[in-house]
Every structure is written in C-alpha cells, then in structure tokens.
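# Residue-level structure breakdown
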Amino acid sequence: MAKTLFQKVWETHIVAEEAERPSVLYIDLHLIHEVTSPQAFSGLRARGLKVRRPDRTIATMDHSTPTLPKHLQVIDDEAKAQLSQLEKNCAEFGIQLYALGDSRNGIVHVVGPERGFTQPGMTIVCGDSHTSTHGAFGSLAFGIGTSEVEHVLASQCLLQTKPKTMEVRVEGTLGPSVTAKDIILALIAKIGTAGGTGYVLEYTGSAIRALEMEARMTVCNMSIEGGARAGMIAPDDATYQFVNGREYAPKGADWDKALERWKKLPSDAGAAYDTRVDIDAAALEPMITYGTHPGMGVGITKALPSASDFVGAERAAFEKAMTYMGLEAGKPLLGHKVDVVFVGSCTNSRISDLRAAASIFKGRKVANGVRTLVVPGSHDIKKQAEAEGLDRVFTDAGAEWREPGCSMCIAMNGDQLSPGQYAVSTSNRNFEGRQGKGGRTFLASPLTAAAAVTGKVTDVRTLG
Amino acid sequence: MASFTTLISHAVLLSAENVDTDQIIPARFLKTLDKNGLGKQLFFDWRYLPDGKDNPDFALNKPEAQGAQIILAGDNFGCGSSREHAPWALMGWGIRAVISTSFADIFKGNSLKNGLLPIQVDAATHAKLVATVIANPKATLSVDLALAELTLTDGAKVKFPIDRFAQHCLLNGIDQLGYILGFEDKIKSYEASHA
Ligand code: SF4
C-alpha cells in the first residue's frame, strides 16, 4: 500500500502497540533546554532512575541566556539558578551540554540541524513546541511537555496516539521578496490557529521543493502556530547536501547506508492523506500579522479586516485584539509606526535570514527612535555572519548585533518590548505580552522586518 | 499522579477564544525549578493591574469565581507553547477541569498527565453552559469521568470524548512512566534491532 512520509517514520518507530492504548514510540533524538527540563530531572531523581540514552540526548541553554556581548550577565538569580541546574543535571546524568559561552551554543532548534544531529527519518522531541522545525529534514519532530521529557529521559519512549495527516500543497513560484515565512503565515491565516489540531502536516509541491533547507525549517517551525504538532518535508538532494559532512552526520559507509534508507522516505505516489490544503505560491505577497495570534495575518498591501467580517466569538476576539494592538480595523498596516525591529528566533535567525536582512540594511540607517536587534541563532551563525561582514552592515546601519539566544522572541532574558511599543519581528508568536508585557508584535519575514528600519511598516518591494 | 473520578463545582466563564499558554502563565515566570506554587502567576497579565492590584474586571477576580474548580473557556484553549507550567498554574489556583469547544493538542496531553481534565463539548452545549453561568455564576456542574459525562444544572447529561487510556490512568491515578517502563523487554529488543 502506498504510504506517506509520516506513516513510514511512524511505523518504523513503534516499540509496542496494544488495543485501546496509545502506541509506545521510540525516540531517536531528545533535545533539552533549561526551561522545561528541571522538573523532569527532579522526577528521575525521586524515582532513582537514570537517563536511558544520554548518547541520544543533547542539551543547550537558550531561552534565558543574555545576548549582550560585553557583559554576559544573566538577568536574575532565578534564571541563573535554572541555568546552573541544567549544568548540574547534565553532569550528573552524562548528557552533552552546549552551555552559555560554548562555541557550539545556540537556540535548540538551530543547534540540532547545525551539528548534524537532525537527520531524515528520525523521531525527534524537545520540551518546546517549535520542535516541529526539524520536520524540514523528513523527520517526525514535535514538542512535548515536561512530564513527557521525563518519560523520554527515563525510557527513550513516548506514548502517542497516531495523528491524522494533512497535505499542504504549495505549487507555483514565489514572487520577488516573498519568502518561506510568507508561505507559512499565509497558511496559518487560511486554516487558523486550530486548523491543524490533531494533524501532522506534510508540505509538498513545487514551491516547497524550490526552498533551501533553512527556508524549509522556517516553514516547518511554525506548523505549531497552525495547531499541528509536527510539519514534515520529504528529504531530497538539498536535504542530503545540508546534512553531509556535519559533525554528527553519518560518515563513510554509514553515510551510504543512511542515504539508501533516506531515499525511501518520501511519500509514495498515490499515498492518501486525511485532508489537503492548497496554496498558490504565485498569489502570495509579503505577509504581516496585525493581531494577537499568528492566524491574524494579511498581505502587506491589504487593508485589515473589519469587525463586520466576523461573527460571534470571533468578532469579540478580533475586537479585543484590535484594542490591545491599538489599531484601526479596515485600514492597511502600511505606514504604521514601528518602535522596534527584531531579527532573530528559531524561525528566522539562520545565515540566510541574516543575509536577507542585511541586503536591506546595506546603505541604510535605522530611523531615529527605532531600536533594532539582530540576534543570530547560534555561535556558528554569528561567526559566519561576521566572516561575511554582515555584522558591520548591521552596526553601520545602527542596529545592535547580539550574542545568540532566544532573546526578544520570548523576552525571558531582559531583551523585551516596553508596554505599548510596536515591533516588527521575525519570530513566531504575537500573543499579548509575548515579547514583553504590553508589547505589540507584527510578525513578518526578515525582509519585511528589515524594511521597517524606516520606522514604518513598509512593503519591502517598494524600497529602492 | 492525582486521580480524578468526579467533580462538582461551579464554573468561571473565561469567554476569550484562543487563550494561549503565554496568557495562562507568562514566560517570565518559567524560571522556576518547581511545579508547585504557580497558582499566583496564573493569568498574571490579565489578573493584575499595572500597580499590582487585582483587576476587578477579570473573571477569576470576581467574588463568585472564588472556589470554582472549573473554567468555561472559548475555543482552542491552551494554544501556543508546550509549557506544562500552564496546567500546573491552573491546578495551583484550584482548577480541576476546563470546558471548551476545542483544546490545543500539547496542552490537552499535558493536562491529562497532571489530573486536569479537558472537557470538550459541542457549540450548542457550550452556548447553553455560557448562558447558564451568566444567569447564575454559582450554578453547579458535575463531572463523572468514569461515565465521561457532564451533568448540567438542569439535569441534562452530556457525554464528552476522552481518550480511553487517559481516562483509565486518571481514574486510577496511574502514572504513565511506570506504564512505559513496563515495556522494558520490547524497548530492549527494539534497540537491539535498530542498533
Ligand atoms: S526562539 Fe522563541 S520560539 Fe524558538 S525556541 Fe526560543 S523562545 Fe521558543
């Protein structure tokens, strides 16, 4: 029978299956960070358990780490205690940790692929909802809670009920300055933040095939914002090329064997999905969100919806979002004042994102009163960007060039918006207060974010 | 894990849709090493005014909300981040069940592992519940997990969907890690054949 990519990965990881019980699924790679792991380790200790596969567990510090280069001061004692607890836990249980200051440190979803841990056909979990990022390699990757972190630490397994599958077919060619971020924001605007609940998404179609690996990660990263725990893209030559030669990628004869396995992963012709959504790539324009969840997005030249476009609870939600955001319904966002530009996060902090942003910064100055933060996803990316002189492009324009970390994506480390401030951000969540209490977020691509150094929401295509 | 069999309580109406986990507990409170004591930070940015005083307009601060163990929420409750701090904070405040027309996947899974019951109802039942709670904020609802049944104030009974395994674990206080570790032989043989 013809099988989908998801089915193939799922079926090869079943340890046990019993009637009326969730499947016991084997986990190939477990990524951990400081915020969602401490209680899991306490649980292990309380039961006298060990970490079953420290060799399949990798830790990094990212959520609350400082990004100011000169004085790498952790924001407060609580964050400090959490970071040092991770250090203790990793030492005690024999887990490899990329601690603050390590040259391989970075955001967990950047580090996994970068070091070659993330590979096609794997099951990958992390106590972090953006674990979906790793699905770009044709792996089944999803976020889990802390109880499940404990389960995986102790058993290398998870109890999972088989999800349904949704094909997201994106055909056609993207227009100039329209990016992977715009594809995913358009999808979420279309299906809503719960549209993918219960599904694993598989992105297919010519527009997906044409994306570089980093762009594919951007797409898969935000699957969770559409309600789907995982998003996958079948591996192809671009995937193999990206993985090949990385520190933890298979080598020599192992590589050949792996490649043979990986080439069997793509969905078979005629494989059935439970449902399908189509997106016409050529019809997309740069997207921007205006509201307080990622589904509230529009093409940048479009007017915002009006309250009368919604009914019932959705209307109430729209009106509440408009009040929080301080925006007028029915008007376009173009030209709206911007206080902060944030280029970073596991969605858009890779080298191609920084290059894209730099192409706009070059020869420009950040407008008066606008604060701009560029935060690379890892030390490797930082080094690469500096070798290319991108850091100079940013600092010459008046932007702040920071150390890697989650930074203003989640505002746990002191990088945050002040109440009422407007940010154009390349991150993934525009929830109330996400980037700092009272802060107001417009999500967009690195190109659109960079265009906002003009101090206004700007259609990057109109910049000379 | 705490077991869950029945619950009798009035409900707090939180009518917003898409209540995300950043609202349930803002990220700045995730720097804890503990699961306990997060009730204070539940809905922090909605619950308190900038000067730190209770926001009298927020549902949980209303006098009639006190002692409620059920939240009646809008669609897609618990979306966003995977933080298990969300159910921990809800339970820390005293909530044992959330009723909505739908829940985000990770939040639902996290809740079930902590003895917090997500009760999914259809739109008509939800509307009826909302009307009931508005008319009488102290109206009592009762939940019977063994029957997967919610009894409304007028005596009407509504079945709710529940994963059979999660139901079994909740009723008996079964801890899922213990259950997984019971598969040790199978895990070993899986590892041997995938070395
Ligand atoms: S960058 Fe943001 S979304 Fe990504 S892992 Fe860090 S906090 Fe989470």
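Details of the structure are given in the entry above.
Residues numbered from 1 in each chain as written. Chains lettered and ligands numbered in written order. Predicted model: local features only at pLDDT ≥ 70, side-chain atom pairs only at ≥ 80, totals over all residues. Heavy atoms only, no water.

## Description of the overall build of chain B
Of regular secondary structure, chain B possesses eight helices and seven strands. Projected onto its principal axes, the C-alpha positions of chain B cover 60 × 45 × 25 Å. In chain B, buried positions account for 58% of the 195 residues. Relative to all contacts within chain B whose residues are 6 or more apart in sequence, the contacts with residues 24 or more apart total 64%. Within the structure as shown, chain B displays about 7600 Å² of accessible surface, and the carbon and sulfur contribution to it stands at 54%. Between the centroid of the 18 positive side chains of chain B and the centroid of its 21 negative side chains there is a distance of 3 Å. (Helix = DSSP H or I, 4+ residues; strand = E, 2+ residues; numbered from the N terminus. Buried < 20%, exposed > 50% of the residue type's maximum accessible area, 1.4 Å probe, protein only. Contact = heavy atoms within 4.5 Å. Areas by Shrake-Rupley, 256 points an atom, 1.4 Å probe, with all protein chains shown as cover. Lys, Arg positive; Asp, Glu negative; His and termini not counted. Charge placed at Lys NZ, Arg CZ, Asp CG, Glu CD.)

## Focus on the overall build of chain A
Across its full length, chain A holds 15 helices and 19 strands. Rg of the C-alpha trace for chain A: 21 Å, near the compact-globule value of 23 Å for 464 residues, within the 12% margin. Principal axes of the C-alpha set define a box for chain A whose edges measure 55 × 55 × 45 Å. Counting across all 464 residues of chain A, residues that qualify as buried make up 66%. (Rg over C-alpha atoms; globule rule 2.2 N^0.38 Å.)

## Brief notes about the packing of aromatic side chains
Under the definition given, this model contains 22 aromatic pairs over all chains. Ring geometry for Tyr179 of chain B versus Phe183 of chain B: centroids 5.3 Å apart, planes at 75°, classification edge-to-face. Pairwise contacts between aromatic rings join Tyr240, Trp255 and Trp262 of chain A into one cluster. Above the face of the Phe242 of chain A ring, Arg246 of chain A is positioned so that its terminal group lies 3.9 Å from the ring centre. (Phe/Tyr/Trp six-rings, centres within 6.5 Å; stacked < 30°, edge-to-face > 60°. Lys NZ or Arg CZ within 6 Å of the ring centre and 35° of its normal.)

## What about the interface of chain A and chain B?
Accessible area lost upon the coming together of the parts serves often as the stated size of an interface. Taken together, the 60 residues of chain A in the interface contact 49 residues of chain B. When chain A packs against chain B, close to 4800 Å² is buried across both sides, 57% of that on carbon and sulfur atoms. Between Glu148 of chain A and Lys113 of chain B there is a salt bridge, with the nearest N and O atoms lying 3.4 Å from each other. At the boundary of chain A and chain B, one finds 24 residue pairs in polar contact (both at pLDDT 80 or more). Secondary-structure elements contributing two or more residues to the side of chain A that touches chain B are β1 (14–16), β2 (23–26), α2 (38–47), α3 (77–93), α5 (146–155), β8 (157–160) and α11 (312–325) of chain A. (Buried area = accessible area lost by both parts, 1.4 Å probe. Salt bridge = Lys/Arg side-chain N within 4 Å of Asp/Glu carboxyl O. Polar contact = N/O pair within 3.5 Å; in protein donor to acceptor, adjacent residues only side chain to side chain.)

## Brief notes about the sheet that holds strand β1 (residues 6–14) of chain B
Residues and elements named next belong to chain B. Pairing in this open sheet of seven strands is mixed, and the strands run β4-β3-β2-β1-β5-β6-β7 from one edge to the other. Two strands bound the open sheet, and with one partner strand each, they are β4 (117–120) and β7 (157–159). Looking at each pair of strands side by side, their axes are set apart by 30° on average, direction ignored. Across three bridges, the pairing between strand β6 (residues 149–151) and β7 is antiparallel. From the neighbouring strand, Leu150 faces β7, where its bridge partner is Val158. (Pairing = 2+ DSSP bridges. Axes fitted to C-alpha atoms, helices over the stretch in contact; angles between N-to-C directions.)

## Quick notes on the layout of surface pockets
Roughly 1100 Å³ of internal volume is contained in the largest pocket. For the largest pocket, the lining is made up of 32 residues, of which Arg56, Gln119, Met122 and Arg261 of chain A together with His194 of chain B are closest to its centre. Those elements that provide at least two residues to the lining of the largest pocket are α1 (5–11) and α10 (252–262) of chain A together with α8 (184–193) of chain B. With five residues, the single largest contributor to the lining of the largest pocket is α10 of chain A. Along the lines of polarity and charge, the residues of the lining of the largest pocket split into 15 nonpolar, seven polar and 10 charged. (1 Å grid on protein atoms, 1.4 Å probe; cavity = no way out; pocket = protein on both sides within 12 Å on 5 of 7 lines; lining within 4 Å. Points joined across faces, edges and corners; volume = space filled by probe spheres on them. Nonpolar A, V, L, I, M, F, W, Y, C, P; charged D, E, K, R; others polar.)

## Details of the site of the ligand
Close to the ligand lie His63, His109, Asp128, His130, Ser345, Cys346, Cys406, Cys409, Ile410, Asn428 and Arg434 of chain A, which account for all nearby residues. Mapping the ligand onto the cavity grids shows that it belongs to the largest cavity. (Near = heavy atom within 4 Å. Sits in = over half its atoms within 2 Å of the grid points.)

## Observations concerning the sheet that holds strand β15 (residues 340–343) of chain A
Residues and elements named next belong to chain A. Pairing is parallel in the open sheet, where five strands are placed in the order β17-β16-β15-β18-β19. Looking at which strands have only one partner, the edges of the open sheet turn out to be β17 (400–401) and β19 (440–443). As paired elements, β15 and strand β18 (residues 422–425) share three bridges and run parallel to each other. When the sheet's bridge partners are listed, Val340 is paired in β18 with Ala423. Most of the contacts of helix α12 (residues 351–361) go to strand β16 (residues 371–374), to which it runs at about 145°, and overall it touches β15, β16 and β17.

## Things to note about α11 of chain A
Residue and element names in this part refer to chain A. With 14 residues, α11 extends 20 Å between its outermost C-alpha atoms, agreeing within 8% with the 20 Å of an ideal straight helix rising 1.5 Å per residue. Three or more residues of α11 are buried, namely Phe318, Ala321, Met322, Tyr324 and Met325. Around the axis of α11, the buried residues are gathered within 165° of arc, so they sit on the same side. Seen from the open side of α11, the exposed residues pointing more than 90 degrees away from its buried face are Gly312 and Thr323. Where α11 is buried, its residues contact β18 and β19. Once α11 finishes, Gly326 follows within two positions and takes phi at roughly 65°, a positive value. (Expected span 1.5 Å × (residues − 1). Arc of directions from axis to C-beta.)

## Re the environment of Phe342 of chain A
Residues and elements named next belong to chain A. Looking at where Phe342 falls in the secondary structure, it is placed in strand β15. A residue is classified by how much of its surface remains accessible, and Phe342, at 0% relative accessible area, is buried. Phe342 sits 66 residues away from Met408 along the chain, and the two C-alpha atoms are 7.2 Å apart. When sequence neighbours within four positions are dropped, the list of residues in contact with Phe342 reads Leu373, Val375, Cys406, Ser407, Met408, Cys409, Val424, Ser425, Thr426, Ser427 and Gln435.

## A few points about unusual backbone geometry
Negative phi is the rule for most residues except glycine; trans is the rule for most peptide bonds. All names here are of chain A. A positive phi angle is found at Ser177, which is not glycine, with a value near 65°. Turning to its location among the elements, Ser177 is positioned in the loop between β9 (164–171) and α6 (180–191). Looking at Ser177, the relative accessible area reads 26%, which means it is partly exposed. Positioned with a positive phi, Ser407 is a non-glycine residue whose angle comes to about 55°. Within the secondary structure, Ser407 sits in the loop between β17 and β18. Take Ser407: its relative accessible area is 0%, and that puts it in the buried class.

## So, the pattern of salt bridges
For the structure shown, the criterion picks out 47 salt bridges over all chains. Between Glu191 of chain B and Arg52 of chain A there is a salt bridge whose closest N-O contact spans 2.9 Å. Of this pair, Glu191 of chain B sits in helix α8 while Arg52 of chain A sits in the loop between α2 and β4 (57–60), placing the two residues on different chains. For Glu191 of chain B, a relative accessible area of 17% corresponds to the buried category. Overlapping salt bridges, with partners in common, bring together Arg52, Arg53 and Asp55 of chain A together with Glu184, Lys188 and Glu191 of chain B in one network.

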